[in-house]
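Breakdown of the fold
In case you want the letters, here they are:
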Amino acid sequence: MMASRANRAIAHAITLLLVAFLTVGTSADATEKKTLRYAFRTAETGFDPMKVYDRYSVGILENIFDTLLTYDWLARPVKLVPLVVEAVPEAEENGTRYTFRLKRGIYFADDAAFNGNRRELIAKDVEYAIRRFRDPANRSPYEWLFENKILGLDELAEKAKKTGSLDYETPIEGIRILDRYTIQFRLKSADYSFLYIMAMPNVVPVAREVIEKYKDDTMAHPVGTGPYMLTEWTRRSKIVLERNPGYRGHTLSTEFADPNDPWDREAIKALAGKTLPLIDRVEIYPIEQEQPRYLAFVNLEHDLLEETPFEYIEQILPNGKLAPNMVKRNASVFREEQLEITYDLFNMNDPLIGGFAPEKIALRRALVLAHDRTQEIDIVRRRQAIPAQSVIPPGVVGFDPGFKSGNFLDYNLPKAKALLDMYGYIDRDGDGIRETPEGKPLIITYKYNSGSQDQRQLAELWAKCMADIGVKIETAEAQFADLLKDKRVGKFQMASSAWIADYPDAQNFLQLFYGPNIDQSNDARFKLPEYDRLYDKAMTLPDSPARNQLYREMSRVLLSYAPSRFGVHRIFNHFLYPWVKGYKKHPILFTSLRYLDIDVAAQKAGMN
């Protein structure tokens, strides 16, 4: 009996030890942070909402700041919904007045700029942000959003150009603070895209105290009301976001979910009913070289691989099916026909290829005709692209599926040569390179993003195709951020480019060639009164057949004058491991961090 009693005592002690051990283990798991790691394919430029316009920096802003409006996460086609306002405003007075009413009790993340006080979001923060777009000191690339738009704002900006500083205090007719939480905008003319603009991740309320405290480096000190905070930034190397402890939380709306969409079903299963965000820490590594970015995912260093490099598609998704190693890991792939266009710019101010003289137009059109887009799609982009017919991509309001570029963009070598011959671009000295009508060698420099293998191959394709018509292309590489700067100030002859939708309307793409947008988004520096007149008229119309007709006319003008070669609409494949929960790519918003979760136990098991 004694022995039996002793055995029971020993067994009881062992049980207690096991319970204690398991309890400790469970507690450790419960407190372990949920961390997501992945890479951007290009480097960011900074995080001042009014100063950046590259997709990757904006993608970070989406998580630090809150816009007034946003998009329902699951609704397709996309649908505007309120974020920090009570409701999506109705267009008043025939589209010339909009009133936004902020929700109460929304606070900025804690920051030293607030001197230890909680700082509530108010209407003045919205006004301050809008004025910052027009402050010449900021040289905002998105200044065009609010040019010739809000009553009194242009005059304020013109005065600032003369005095050197913008007046942030004097009331103007077009911005009225009706009370602490209500702001009203009065526009010069009807603008039915105004609500889309107020949903752009750049157009966010900012606290004046923060901007003034960090005035020497606002790019490094973003402080918003969103779910994440920037806690670490090594420029062009590492970005760390951590959950904002003061964030109010949000939930996944399932109202517009598609029950037949498996991604919707999985997102609902993972997220519905939970207070978001769920991930504690996000580490993002800008990796401009495609191979190390790809290998970081394949080698399980990263949880996600977005915008998979085209050159590795056949390795990871041969014939459109997951490779065996991905099947074994239970990985998933999300295929996205992105709302975007790739295009090659001609600098319209360049003395060799710019301008509106008949021979200059003929030269640009010949270059476009001699570029073999089939090779671009089949070889460089591994059939992950759709040929563009105009600057307007499928999927945005105003896209016309019946519009065909036909003779303007289709590869036609004889026609290209004939055009050059007709306008005096001939090889006079027999060296294989044509000369201009003035007798100068026809040598053109093409600038491209150095970080991408496919960009390098595209540059080589340009050189090869142009050699076939006796034009010499000299290629020049530049880092993505530097290329953006060069294009913005017109420091190029030809350059590669791409534009991803800020909002789902054709206007967002047509503005790329609007004359007043030179030095902002109009990198081609195209300025044609006929085009600007059509654009101005279209802006006063709601979505309608009349507006679509104007869009078609603008597209024809662009094809005729050729300030750009319109390339393709890319198809991207985004890969994720099974411990990443809730993933779905949104057509407009760039990141999905607000709507993700990590199964930590599965992550640890999968990565070991």
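The structure displayed is predicted, hence computed values, not measured ones. (Residues numbered from 1 in each chain as written. Predicted model: local features only at pLDDT ≥ 70, side-chain atom pairs only at ≥ 80, totals over all residues. Heavy atoms only, no water.)

So, about the overall build of the chain. Along its length, the chain carries 19 helices and 20 strands. Taking 2.2 N^0.38 as the reference for a compact globule, 608 residues should give roughly 25 Å; the C-alpha atoms of the chain span a radius of gyration of 27 Å, in line with that estimate. Its C-alpha atoms give the chain principal-axis dimensions of about 115 × 60 × 45 Å. Carbon and sulfur atoms form 52% of the exposed surface of the chain, whose accessible area is close to 25,100 Å². Charge separation in the chain, taken as the distance between the mean sites of 81 positive and 84 negative side-chain charges, equals 2 Å. (Helix = DSSP H or I, 4+ residues; strand = E, 2+ residues; numbered from the N terminus. Rg over C-alpha atoms; globule rule 2.2 N^0.38 Å. Areas by Shrake-Rupley, 256 points an atom, 1.4 Å probe, with all protein chains shown as cover. Lys, Arg positive; Asp, Glu negative; His and termini not counted. Charge placed at Lys NZ, Arg CZ, Asp CG, Glu CD.)

Once that is clear, we can look at the nonpolar core. Core analysis: the biggest nonpolar cluster contains 178 residues, and Phe100, Phe146, Phe185 and Met198 have the highest contact counts within it. Looking at which element gives the most residues to this core, the answer is helix 11 (residues 358-370), with 7 residues. (Core = buried A, V, L, I, M, F, W, Y, C linked by side-chain atoms within 4.5 Å. Buried < 20%, exposed > 50% of the residue type's maximum accessible area, 1.4 Å probe, protein only.)

Looking now at empty space enclosed by the protein. Throughout the structure, instances matching the rule amount to 6 cavities of 30 Å³ or more. Space inside the largest cavity adds up to approximately 630 Å³. Only helix 2 (55-64), strand 12 (340-346), strand 14 (443-449), helix 14 (453-467), helix 15 (480-488) and strand 16 (494-500) provide two or more residues apiece to the lining of the largest cavity. Residue contributions to the lining of the largest cavity peak at 5 residues, all from strand 16. (1 Å grid on protein atoms, 1.4 Å probe; cavity = no way out; pocket = protein on both sides within 12 Å on 5 of 7 lines; lining within 4 Å. Points joined across faces, edges and corners; volume = space filled by probe spheres on them.)

A separate point is the sheet that holds strand 6 (residues 182-186). The strand order 4-6-5 describes an open sheet built from 3 strands, whose pairing is antiparallel. Each edge of the sheet is formed by a strand with only one pairing partner; in this case those strands are strand 4 (97-101) and strand 5 (175-179). Across the sheet, the axes of successive neighbouring strands diverge by a mean angle of 20 degrees, strand direction being ignored. In terms of strand pairing, strand 4 meets strand 6 through 5 bridges, oriented antiparallel. Looking at strand 6, one finds that Phe100 is bridged to Ile183. (Pairing = 2+ DSSP bridges. Axes fitted to C-alpha atoms, helices over the stretch in contact; angles between N-to-C directions.)

Turning our eyes to something else, we now look at unusual backbone geometry. Trans peptide bonds make up most of the peptide bonds, and negative phi angles are found at most residues other than glycine. Pro77 follows Arg76 through a cis peptide bond whose omega is 0 degrees. Along the chain, Pro77 falls in the loop between strand 2 (69-71) and strand 3 (80-82). Going from Leu276 to Pro277, the amide bond is cis rather than trans, its omega being 5 degrees. The topology assignment puts Pro277 in the loop between helix 7 (262-271) and strand 9 (281-286). Located in the positive-phi region is Arg525, a residue other than glycine, with phi close to 60 degrees.

Here we come to the sheet that holds strand 7 (residues 228-234). Within the open sheet, the 4 strands sit side by side as 1-9-8-7. Their pairing is mixed. One side of each edge strand has no neighbouring strand; the edge strands of this open sheet are strand 1 (35-40) and strand 7. Across the sheet, the axes of successive neighbouring strands diverge by a mean angle of 20 degrees, strand direction being ignored. Here 6 bridges tie strand 7 to strand 8 (residues 238-243), and the two strands are oriented antiparallel to one another. Within strand 8, the residue paired with Tyr228 across the bridge is Arg243.

Evaluation of the coordinates by the stated rule reveals 33 aromatic pairs. Ring centres 6.4 Å apart and planes at 70 degrees place the aromatic pair Trp263 and Tyr583 in the edge-to-face group. Of this pair, Trp263 sits in helix 7 while Tyr583 sits in the loop between strand 19 (580-581) and strand 20 (597-598); the two residues are 320 residues apart in sequence, bridging distant segments of the chain. Classification of Trp263 as partly exposed rests on a relative accessible area of 22%. Of the residues examined, Tyr583 reaches a relative accessible area of 3% and is grouped as buried. Among the aromatic side chains, those forming a connected cluster through ring pairs are Tyr343, Phe356, Phe513, Phe526, Tyr531, Tyr561 and Phe566. The positively charged end of Arg118 is found above the aromatic ring belonging to Tyr107, 3.8 Å away from the centroid. (Phe/Tyr/Trp six-rings, centres within 6.5 Å; stacked < 30°, edge-to-face > 60°. Lys NZ or Arg CZ within 6 Å of the ring centre and 35° of its normal.)

Here the focus is the environment of Pro277. Judged by relative accessible area, Pro277 falls into the buried class, the value being 4%. When near neighbours in sequence (up to four residues on either side) are disregarded, Pro277 contacts Pro227, Tyr228, Arg243, Tyr247, His250 and Arg594. (Contact = heavy atoms within 4.5 Å.)

Turning to its location among the elements, Lys584 is positioned in the loop between strand 19 and strand 20. The exposure class assigned to Lys584 is buried, which follows from its relative accessible area of 3%. Residues contacting Lys584, with those up to four places away along its chain left out, are Trp73, Leu74, Arg76, Asp261, Trp263, Asp264, Phe334 and Ser592.

Turning our eyes to something else, we now look at helix 15. Counting buried positions over the 9 residues of helix 15 gives 7, a clear majority of the element. Buried within helix 15 are the following residues: Phe480, Ala481, Leu483, Leu484, Asp486, Lys487 and Arg488. Its buried side turned inward, helix 15 meets helix 2, strand 12, strand 14, strand 15 (472-478) and strand 16. Gly490, located one to two residues past helix 15, shows a positive phi value of around 75 degrees.

Bringing the pattern of salt bridges into the picture now. Across all of its chains, the model carries 46 salt bridges by this definition. Across the salt bridge formed by Arg119 and Glu209, the nearest N and O atoms sit 2.6 Å from each other. One end of the pair, Arg119, is in the loop between strand 4 and helix 3 (123-133); the other, Glu209, is in helix 6 (residues 208-213), with 90 residues separating them in the sequence. According to the relative accessible area criterion, Glu209 is partly exposed, its value standing at 29%. One salt-bridge network, held together by shared partners, links Lys33, Arg37, Glu242, Arg281 and Glu283. (Salt bridge = Lys/Arg side-chain N within 4 Å of Asp/Glu carboxyl O.)

Further remarks concern the confidence of the model for the chain. A residue-level look at the chain finds 95% of positions with pLDDT of 70 or above and a mean pLDDT of 93. Overall, residues 1-30 carries pLDDT values under 50, and its contacts beyond four positions in sequence, including any with other chains, amount to 1 contact. (pLDDT = per-residue confidence, 0-100.)

Packing of helix 11 against helix 18 (residues 545-561) leaves a shortest axis separation of 8 Å and a crossing angle of 95 degrees. Considering the angle they form, helix 11 stands roughly perpendicular to helix 18. The residues of helix 18 that touch helix 11, namely those facing Ile361, Arg364 and Arg365, are Leu559, Ser560 and Tyr561. Of the residues that constitute the contact of helix 11 with helix 18, the class distribution is 3 nonpolar, 1 polar and 2 charged. (Parallel < 35°, antiparallel > 145°, perpendicular 65-115°, else oblique. Nonpolar A, V, L, I, M, F, W, Y, C, P; charged D, E, K, R; others polar.)

For the pair helix 12 (residues 373-380) and helix 14, the least separation of the axes is 11 Å and the interaxial angle reads 150 degrees. Comparing the axis directions of helix 12 and helix 14 gives the class roughly antiparallel. Here the hand of the crossing between helix 12 and helix 14 comes out right-handed. Here Gln375, Glu376 and Val380 of helix 12 come into contact with helix 14, specifically with Asp454, Gln457, Leu458, Leu461 and Lys464. Residue composition of the contact of helix 12 with helix 14, by class: 3 nonpolar, 2 polar and 3 charged. (Left-handed = near helix turned anticlockwise from the far one by under 90°.)

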